[in-house]
Amino acid sequence: MKTQTYVLNMGPQHPSTHGVFRIILELDGEVVVKATSVPGYLHRGIEKLAEARTYTQVIPYTDRMDYLASMLMNWGYVAAVEKLMGIEVPERAEYIRVIVGELSRIASHLVAVGTYSVDIGGFTGFLYCFRDRERVLDLLEMVSGSRMTFSYFRIGGVADDLPPEFFPPLEKFLKDLPSLCDEYDGLITGNEIFQARTKYVGIITPEMGINYSLTGPVLRGSGIPYDLRKVRPYGVYDRFDFEVPVGKNGDCFDRFVCRIKEIRQSARIIQQAIEGLPEGPIMAKMPKVIKPPAGEAYAEIESSKGVLGCYVVSDGSPKPYRVHFRRPSFINLGYLDELLVGWKIADVIAILGSLDIVLGEVDC
Amino acid sequence: MGENIFTGIAAGLRTILAGAGVPPLASEFIVMLVKLVAVIVFVSLNVIWLVYMERKVCAYIQCRIGPNRVGPKGLLQTVADVVKLLAKEIIIPRRVDKVVYLAAPILVFVPPMMAFAVIPWGEGMAPIDLNIGVFYVLAVASLSTIIFWMGGWSSNNKYSLVGGMRVVAQMVSYELPLVLSLLGVIMLTGTLSITEIVNAQRGTWFIFAQPLAFLIYFIAGVSEVNRTPFDLVEGESEIIAGPYTEYSGMGYAMYMLAEYGSMMVISCMCTIMFLGGWLAPFGWTFLPSWFWFFIKVYAMIFIFMWIRWTYPRIRVDQLMAFGWKVLVPLSLANIFVTGVGMYIYRAIGW
């Protein structure tokens, strides 16, 4: 009997590609023979748009990259401009950045954990994660007035001080968080079928992870404790005591578990940041018009998906000459085509979900 | 209390017909017709209630409230949904096999409906008391494989095709443990008649005599009705909706409603074979037999829903491995143990 492979076009409209991502799968029955990923359906030309905006006006565009962790996107950009201008950010602002940044990371990881549960087929975990993410969004709304696209960071500091009513619910949330994480572990991580579906699936070896310059939980799942907050601390991260959770096998399960563990660690960081929150200004002394000297700067931060790099070139005018973002989701996708070969359709979803991409960031 | 409502109605109808001078054969035919219509109407309406129940159960499992706007406590939500689906356009994609494509969602209701013909809803309340009732249900229920495959094949969509392939593979493999697990009960009772099997459970329910068989039957049953963790056929996050992908409006709704119909059949069979059918537990006969039957059936359905909203989905190769390497050997072992047990029992002379 003669059999032949067939091509299945998965996406851009597909419930589990996390947005408008497209993979052209060549399948032999249910097994992937060849995969070609086609990003770009959400490309808005943010980098080009930035060239026609002033430095401050670029900040809202960064919100729209990884819209699940907007605070961290803001951070990457302002860090680069601050580096270019040589601005010393006040200590209080740095602490506030850590607090909102880690909250944003928690929100982003909660989405990752929840949607991964849906990808594997269990819808209930999704709603538990989103229930708790709601609390984070409420907190961030108190700070910035917005729930998704915060634009809270400013070049030289943050837009506003933390309101006093922000702290009691935050404390309560941090107190609840470990038990909430236990709940996810009980509902999703501990499930026999979930483990059968994710363990030893989509293994990324440490060597391949490094070769493809993967970062974030995707790399740490392979056992490499590479976290910028630890290995090259920026801001005030060197003052906090926290661990970098790593996986062992580099499979989908490890990447997933890493995220839940990181949520716990983020809670620890926030707790320490609240305790050590100094008094003082929240903005550095800034000129009226932000006009960095001609030159270039590259700054990196650890976003929830990996290392977010921002490269800014200035020609001395009030508008950036060129802005480029190193988007972790995009870079992490580079290995996907190779990773998918040999796995089944269901695994394609499991592997893609474990990379935790956000299309706004991939396509920028 | 209310024990004889339904049998009373049937008897009353017969008396009236006899009084009106209708020949016995014709009167029997009319009574049968009434029974048939009653069962079909009940099953269809019950499906609407089951959808509501599913949504409420899943809502409470997921820390939500669920439908609560249409009607009291949202009871009319499903009715509103069905009306909406009825009003929707039925889209026929280009280059589908029209006849098969349109026939499949209508035919999909047939196997569960046919199975209900022998289900006894209470004492003496089986529409037809067939002496090979169990065999009939199993035979009819396995027909649905073909219908899902029709939908998957005719849609001219690769997702549908993959879904259709999975249906055939899954249902054929899980049919086997499903049947084999029931063999234990049949060996104990020595009959294929549903009524006699229920009556044989007056002492102990077969869930206690055949716990392993019950478990196997339940797992295989979940698989037969394509529900999580065995909902690979639909596999929402992988293959959109499997064979249903191209269907819109009522065509899609028919598949969904049929799924609930099949779930009802499996739950009824579970109740009959293992949970004592209409028999009241602990001699609590203050509730009518049909009421007990429904309590047990809905308890089973609740467990179905509970599992669906807690577990993730298994992968296709794991499904096959589980079916062939775990369930089939276990059910064969169960038959063996039952046989040996029966032999020893007889040898002791109990």
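Residues numbered from 1 in each chain as written. Chains lettered and ligands numbered in written order. Predicted model: local features only at pLDDT ≥ 70, side-chain atom pairs only at ≥ 80, totals over all residues.

1. Considerations on the overall build of chain A
Scanning chain A from N- to C-terminus turns up 15 helices and 8 strands. In summary, chain A has a C-alpha radius of gyration of 21 Å against a globular reference of 21 Å for 364 residues, a match within 12%. The dimensions of chain A, computed from C-alpha atoms along their principal axes, are 75 × 45 × 35 Å. Looking at the 364 residues of chain A, the share that counts as buried comes to 54%. (Helix = DSSP H or I, 4+ residues; strand = E, 2+ residues; numbered from the N terminus. Rg over C-alpha atoms; globule rule 2.2 N^0.38 Å. Buried ≥ 20, exposed ≤ 12 C-beta atoms within 10 Å, placed from the backbone.)

2. Some words on the packing of helix α4 (residues 91-120) of chain A against helix α5 (residues 124-144) of chain A
Working note: a packed helix pair is described by the angle between its axes plus the distance between those axes. All names here are of chain A. Axis separation between α4 and α5 bottoms out at 8 Å; the angle between their running directions is 160°. The orientation of α4 with respect to α5, classified from their angle, is roughly antiparallel. Where α4 crosses over α5, the two elements pack in a sense that is left-handed. Contacts between α4 and α5 involve V100, L103, S104, I106, A107, L110, V111, V113, G114, T115, S117 and V118 from the first element and G125, F126, C129, F130, D132, R133, V136, L137, L139, L140 and V143 from the second. (Axes fitted to C-alpha atoms, helices over the stretch in contact; angles between N-to-C directions. Parallel < 35°, antiparallel > 145°, perpendicular 65-115°, else oblique. Left-handed = near helix turned anticlockwise from the far one by under 90°. Contact = placed C-beta atoms within 7 Å.)

3. Topic: the confidence of the model for chain B
Model confidence for chain B is summarised by a mean pLDDT of 85, while 99% of its residues fall at 70 or above. Among the scores for the predicted complex, ipTM is 0.82 and pTM is 0.88. (pLDDT = per-residue confidence, 0-100.)

4. Quick notes on the environment of M208 of chain A
Position of M208 of chain A among the secondary structure elements: in helix α8 (residues 206-211). Separated by 44 residues in the primary sequence, M208 of chain A and P164 of chain A have C-alpha atoms spaced 47 Å apart.

5. Digging into the pairing of strand β8 (residues 320-326) of chain A
Residues and elements named next belong to chain A. Summarising the sheet, strand β7 (residues 307-314) and β8 pair through 6 bridges and their orientation is antiparallel. Its bridge partner being in β8, Y311 is matched across the sheet by H324. Hairpin connection between β7 and β8: a loop of 5 residues separates the two successive antiparallel strands, and G316 in this loop has a positive phi of roughly 90°. (Pairing = 2+ DSSP bridges.)

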